[in-house]
Amino acid sequence: MIDTERLIRKAAAYGIDAAPVVRKLDEYAALLVEYNQKVNLTAITDAEGIEDRHFIDSLLLAARPEVCGRMVDVGTGAGFPGIVAKLFRPELDLTLMEPTGKRVDFLKYACSALGVEAEFAKERAEEAARKQWRESFDVATARAVAALPVLAEYCLPLLRRGGVFIAMKGSGADEEIDAAQGAVTKLGGKYAGRQDVRLPDGSARTLILYEKISQTPPVYPRNGGKIAKAPLK
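Since this is a predicted model, take the numbers as computed values, not measurements.

Reading guide: rules and limits
- Residues numbered from 1 in each chain as written.
- Predicted model: local features only at pLDDT ≥ 70, side-chain atom pairs only at ≥ 80, totals over all residues.
- Heavy atoms only, no water.
- Helix = DSSP H or I, 4+ residues; strand = E, 2+ residues; numbered from the N terminus.
- Buried < 20%, exposed > 50% of the residue type's maximum accessible area, 1.4 Å probe, protein only.
- Lys, Arg positive; Asp, Glu negative; His and termini not counted.
- Salt bridge = Lys/Arg side-chain N within 4 Å of Asp/Glu carboxyl O.
- Polar contact = N/O pair within 3.5 Å; in protein donor to acceptor, adjacent residues only side chain to side chain.
- Contact = heavy atoms within 4.5 Å.
- Phe/Tyr/Trp six-rings, centres within 6.5 Å; stacked < 30°, edge-to-face > 60°.
- Lys NZ or Arg CZ within 6 Å of the ring centre and 35° of its normal.
- Core = buried A, V, L, I, M, F, W, Y, C linked by side-chain atoms within 4.5 Å.
- Axes fitted to C-alpha atoms, helices over the stretch in contact; angles between N-to-C directions.
- Left-handed = near helix turned anticlockwise from the far one by under 90°.
- Nonpolar A, V, L, I, M, F, W, Y, C, P; charged D, E, K, R; others polar.
- Pairing = 2+ DSSP bridges.

Chemist: If you had to explain the side chain of Asp73 to someone new, which residues and values would you point to?
Modeler: Residue placement: Asp73 occurs in strand 1 (residues 70-74). Although Asp73 is buried, it makes no salt bridge; Arg143 carries the closest opposite charge, 7.5 Å away. Polar contacts involving the side chain of Asp73 include one to the main-chain amide nitrogen of Gly82, which spans 2.8 Å. Apart from the residues lying within four places of it in its own chain, the contact partners of Asp73 are Gly79, Phe80, Pro81, Gly82, Thr95, Leu96, Met97, Thr141 and Ala142.

Chemist: So what's going on with the side chain of Thr141? Which residues, and what values?
Modeler: Take Thr141: it is sitting in strand 4 (residues 137-143). Judged by its relative accessible area of 0%, Thr141 falls in the buried class. If we skip the residues at most four places from it in the chain, Thr141 touches Leu61, Met71, Val72, Asp73, Val74, Pro81, Ile166 and Met168.

Chemist: Explain the pattern of salt bridges to me, and be specific about the residues and the numbers.
Modeler: Evaluated as defined, the whole model comprises 20 salt bridges. Among the ionic pairs, Glu135 bridges to Lys212, the shortest N-O distance being 3.1 Å. One end of the pair, Glu135, is in the loop between helix 6 (125-128) and strand 4; the other, Lys212, is in strand 7 (residues 204-212), with 77 residues separating them in the sequence. Of the residues examined, Lys212 reaches a relative accessible area of 1% and is grouped as buried. Here Arg194 ties to Asp196 by a salt bridge, and the two come within 2.9 Å at their closest N and O atoms. Given a relative accessible area of 33%, Arg194 falls into the partly exposed group. Within the structure, one salt-bridge network assembled from shared partners comprises Arg6, Lys10, Glu48, Glu51 and Asp52.

Chemist: How would you explain the packing of aromatic side chains if you had to name every residue and give the values?
Modeler: Counted by the stated rule, this structure contains seven aromatic pairs. Plain terms: the ring middles of Tyr28 and Phe55 are 5.8 Å apart, the flat faces sit at 35 degrees to each other, and that makes the pair tilted. In this pair, Tyr28 is assigned in helix 2 (residues 22-35) and Phe55 in helix 3 (residues 47-62), connecting sequence segments 27 residues apart. Considered together, Tyr28 and Phe55 belong to a single accessibility category, that of buried residues. Among the aromatic residues, ring-to-ring pairing joins Tyr28, Phe55 and Phe80 into one connected group. We note Lys38 situated over the ring of Tyr35; from NZ or CZ to the ring centre the distance is 4.5 Å.

Chemist: Can you explain the nonpolar core? Please cite residues and give values.
Modeler: Core analysis: the biggest nonpolar cluster contains 47 residues, and Leu25, Tyr28, Phe55, Met71, Ile83, Phe106 and Ile166 have the highest contact counts within it. Apart from residues lying up to four places away in sequence, Met71 is in contact with Leu61, Gly82, Ala85, Leu92, Asp93, Leu94, Thr95, Phe137, Val139 and Thr141. Ranked by size, the runner-up nonpolar core spans 34 residues in total, among them Trp133, Leu159, Ile177 and Ile208.

Chemist: Can you break down the packing of helix 1 (residues 4-12) against helix 2 residue by residue, with the values?
Modeler: Relative orientation of the contacting elements helix 1 and helix 2 amounts to 115 degrees, with a least axis distance of 10 Å. Helix-helix and strand crossings are classified by hand; for helix 1 and helix 2 the assignment is right-handed. On helix 2, the residues touching Thr4, Leu7 and Ile8 of helix 1 are Val22, Leu25 and Asp26. A class-by-class count of the residues in the contact of helix 1 with helix 2 yields four nonpolar, one polar and one charged.

Chemist: Describe the environment of Arg222, listing the residues and the values that go with them.
Modeler: As for its position among the elements, Arg222 is in the loop between strand 7 and helix 9 (224-229). In contact with Arg222, not counting residues within four places along its chain, are Glu126, Arg130, Glu153, Ile227, Ala230, Pro231 and Leu232. Of note is the side chain of Arg222, whose polar atom sits 2.9 Å from the backbone oxygen of Ala230.

Chemist: Can you break down the sheet that holds strand 3 (residues 119-121) residue by residue, with the values?
Modeler: Pairing is mixed in the open sheet, where seven strands are placed in the order 3-2-1-4-5-7-6. Two strands close off the open sheet at either side, each with one partner strand: strand 3 and strand 6 (189-198). Across this sheet, the average inter-strand angle for adjacent strands is 20 degrees, counted without regard to direction. Inspection of the sheet shows strand 6 paired to strand 7 by nine bridges, in the antiparallel sense. Bridging from a neighbouring strand, Tyr191 pairs with Tyr210 of strand 7.

Put into structure tokens, the structure is as follows:
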């Protein structure tokens, strides 16, 4: 399905050794493309697009030293970056959080086929953070889910104090960081840095890191409608 040698070379350009996981990633790509014929999981179905926009993108997250312990991938969709991170770091305790039932069905199918152990939370993040998942994760991440002020309210309440929220963003990261500053502070977070790279296809990727420095006040997260209509400032 994918060109495994090409993927290894691409990953090596970022200092990432993908050789141990390329066989599983190849299987994952085939599963994704086949399942995508009946359930809309991704618009990217060509081999090189999957390599660049799904696998390299997810490996950049997975290779971060902060990615350890118990991780939640919020709005994971077809499993990016969560499943790739688990393949790259088998010791991760992974929770895939996705509210859409058909996508959860795919996640269960793919993880079973790939031998990946994960918890599947068919939940919206703002509802999950009022249940047993609140302030229980070491790492929370999300890709292409929402603007950063909204995303912060989804993800920071899920983190324990000392945990790290890693937002995966494209172009416009500077504006999003500025817009999210007030929200992050109210939610108990603190800006902790960023990593700016170009994916092999030339598109921009910024990993934005926030440390959870204090408990999230009980009033957060608000319900989904309020979060979307009136993002925290």
